[in-house]
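Here's the letter readout for the chains.
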Amino acid sequence: MATVEVIHFRMIEGADEQEFIREDERVGKEYTPKQPGFRDRESAKNDQGDWVVIVHWDDAQSAEASMEKFPNDPTAKRFIELMDSDTFTMTRYEIVLNT
(Lines give C-alpha, C1' and ligand atoms only; values in the text may rest on other atoms or scores of the structure.)
Protein backbone atom coordinates (compact mmCIF):
# COMPACT_ATOMS: atom_id res chain seq x y z
CA MET A 1 0.00 0.00 0.00
CA ALA A 2 1.31 3.49 -0.84
CA THR A 3 3.04 5.10 2.14
CA VAL A 4 3.79 8.62 3.28
CA GLU A 5 6.77 9.12 5.59
CA VAL A 6 6.72 12.32 7.68
CA ILE A 7 9.93 13.36 9.44
CA HIS A 8 9.97 16.27 11.92
CA PHE A 9 13.11 17.85 13.40
CA ARG A 10 15.03 21.01 14.18
CA MET A 11 18.53 21.88 13.09
CA ILE A 12 21.31 21.82 15.68
CA GLU A 13 21.99 25.07 17.50
CA GLY A 14 24.14 27.37 15.37
CA ALA A 15 23.65 25.42 12.12
CA ASP A 16 23.80 27.41 8.90
CA GLU A 17 20.38 27.20 7.24
CA GLN A 18 21.75 27.60 3.71
CA GLU A 19 24.22 24.77 4.29
CA PHE A 20 21.39 22.62 5.57
CA ILE A 21 19.25 23.39 2.52
CA ARG A 22 22.17 22.43 0.24
CA GLU A 23 22.62 19.13 2.10
CA ASP A 24 18.88 18.49 2.04
CA GLU A 25 18.86 19.07 -1.70
CA ARG A 26 21.81 16.70 -2.09
CA VAL A 27 19.94 13.95 -0.21
CA GLY A 28 16.85 14.67 -2.31
CA LYS A 29 18.76 14.35 -5.57
CA GLU A 30 21.53 11.84 -4.87
CA TYR A 31 20.11 9.41 -2.31
CA THR A 32 16.34 9.18 -2.03
CA PRO A 33 15.42 9.01 -5.74
CA LYS A 34 17.75 6.05 -6.19
CA GLN A 35 15.90 3.97 -3.59
CA PRO A 36 13.45 1.30 -4.78
CA GLY A 37 9.84 2.35 -4.28
CA PHE A 38 10.57 6.09 -4.10
CA ARG A 39 7.88 8.40 -5.51
CA ASP A 40 8.64 11.96 -4.41
CA ARG A 41 10.07 14.06 -1.58
CA GLU A 42 9.58 17.58 -0.26
CA SER A 43 10.94 19.64 2.61
CA ALA A 44 9.36 22.54 4.46
CA LYS A 45 9.99 24.72 7.50
CA ASN A 46 8.09 27.11 9.69
CA ASP A 47 9.17 30.35 11.34
CA GLN A 48 9.70 28.60 14.72
CA GLY A 49 12.60 26.53 13.32
CA ASP A 50 10.68 23.29 12.81
CA TRP A 51 11.43 21.29 9.67
CA VAL A 52 9.47 18.53 7.99
CA VAL A 53 10.49 16.16 5.21
CA ILE A 54 7.66 14.30 3.50
CA VAL A 55 8.49 11.29 1.35
CA HIS A 56 6.04 9.23 -0.69
CA TRP A 57 6.83 5.55 -1.21
CA ASP A 58 5.20 2.66 -3.07
CA ASP A 59 4.93 0.79 0.24
CA ALA A 60 6.14 0.75 3.84
CA GLN A 61 8.77 -1.89 3.09
CA SER A 62 10.49 0.44 0.61
CA ALA A 63 10.47 3.26 3.16
CA GLU A 64 11.94 1.00 5.84
CA ALA A 65 14.64 -0.37 3.53
CA SER A 66 15.72 3.16 2.62
CA MET A 67 15.81 4.30 6.25
CA GLU A 68 17.93 1.31 7.25
CA LYS A 69 20.61 2.30 4.71
CA PHE A 70 20.34 6.08 5.12
CA PRO A 71 22.51 6.63 8.25
CA ASN A 72 25.47 4.86 6.64
CA ASP A 73 25.25 6.52 3.23
CA PRO A 74 27.96 9.18 2.67
CA THR A 75 25.37 11.45 1.04
CA ALA A 76 23.49 11.63 4.34
CA LYS A 77 26.44 12.31 6.65
CA ARG A 78 26.36 16.11 6.83
CA PHE A 79 22.56 16.25 6.59
CA ILE A 80 22.34 14.06 9.69
CA GLU A 81 25.05 16.06 11.50
CA LEU A 82 23.01 19.26 11.04
CA MET A 83 19.83 17.72 12.50
CA ASP A 84 19.15 17.85 16.22
CA SER A 85 18.58 14.15 16.93
CA ASP A 86 16.74 14.99 20.17
CA THR A 87 13.97 16.60 18.10
CA PHE A 88 13.76 13.92 15.40
CA THR A 89 10.50 12.03 14.92
CA MET A 90 9.36 9.91 12.01
CA THR A 91 5.92 8.51 11.34
CA ARG A 92 4.65 6.49 8.39
CA TYR A 93 1.09 6.58 7.15
CA GLU A 94 -0.79 4.39 4.72
CA ILE A 95 -2.46 6.46 2.03
CA VAL A 96 -6.22 5.85 2.11
CA LEU A 97 -7.38 8.63 -0.21
CA ASN A 98 -5.65 10.55 -2.96
CA THR A 99 -7.84 13.12 -4.73
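Definitions and cut-offs
Residues numbered from 1 in each chain as written. Predicted model: local features only at pLDDT ≥ 70, side-chain atom pairs only at ≥ 80, totals over all residues. Heavy atoms only, no water. Phe/Tyr/Trp six-rings, centres within 6.5 Å; stacked < 30°, edge-to-face > 60°. Helix = DSSP H or I, 4+ residues; strand = E, 2+ residues; numbered from the N terminus. Buried < 20%, exposed > 50% of the residue type's maximum accessible area, 1.4 Å probe, protein only. Contact = heavy atoms within 4.5 Å. Salt bridge = Lys/Arg side-chain N within 4 Å of Asp/Glu carboxyl O.

S.K.: Even after reading the chapter, I still don't get the packing of aromatic side chains, so can you show me in this structure?
M.R.: Here the distance between the centres and the angle between the planes together describe a pair of aromatic rings. Summed over all chains, the structure comprises seven aromatic pairs. An angle of 75° between the planes, with centres 6.2 Å apart, marks the rings of phenylalanine 9 and phenylalanine 79 as edge-to-face. Of this pair, phenylalanine 9 sits in strand S1 (residues 3-10) while phenylalanine 79 is found in helix H3 (residues 77-82), placing the two residues 70 residues apart along the sequence. On the accessibility criterion, phenylalanine 9 (2% relative accessible area) is buried. Summarising the aromatic geometry, the rings of phenylalanine 70 and phenylalanine 79 are spaced 6.0 Å apart at their centres and angled 80° between planes, so their arrangement reads as edge-to-face. Comparing phenylalanine 70 with phenylalanine 79 shows no difference in burial state: the two are buried.

S.K.: I tried to follow the side chain of aspartate 24 on my own but got confused; where do I start?
M.R.: Locating aspartate 24 in the fold gives a position in helix H1 (residues 17-31). The buried category is assigned to aspartate 24, whose relative accessible area is 7%. Excluding its chain neighbours within four sequence positions, the residues that come into contact with aspartate 24 are Arg41, Ser43, Val53 and Phe79.

S.K.: I'm lost on the pattern of salt bridges in this one. Help?
M.R.: When charged atoms on two side chains of opposite charge get close, those side chains can pair. For the structure on display, the rule yields 12 salt bridges. With a shortest N-O distance of 2.7 Å, glutamate 19 and arginine 78 are connected by a salt bridge. One end of the pair, glutamate 19, is in helix H1; the other, arginine 78, is in helix H3, with 59 residues separating them in the sequence. Glutamate 25 is paired through a salt bridge with lysine 29; the nearest N and O atoms lie 2.9 Å apart. Placement of the pair is glutamate 25 and lysine 29 together in helix H1, with a separation of four residues, close to one helical turn. On the basis of relative accessible area, glutamate 25 is assigned to the partly exposed category, the value being 41%. Where salt bridges share partners, they join Glu19, Lys77, Arg78 and Glu81 into one cluster.

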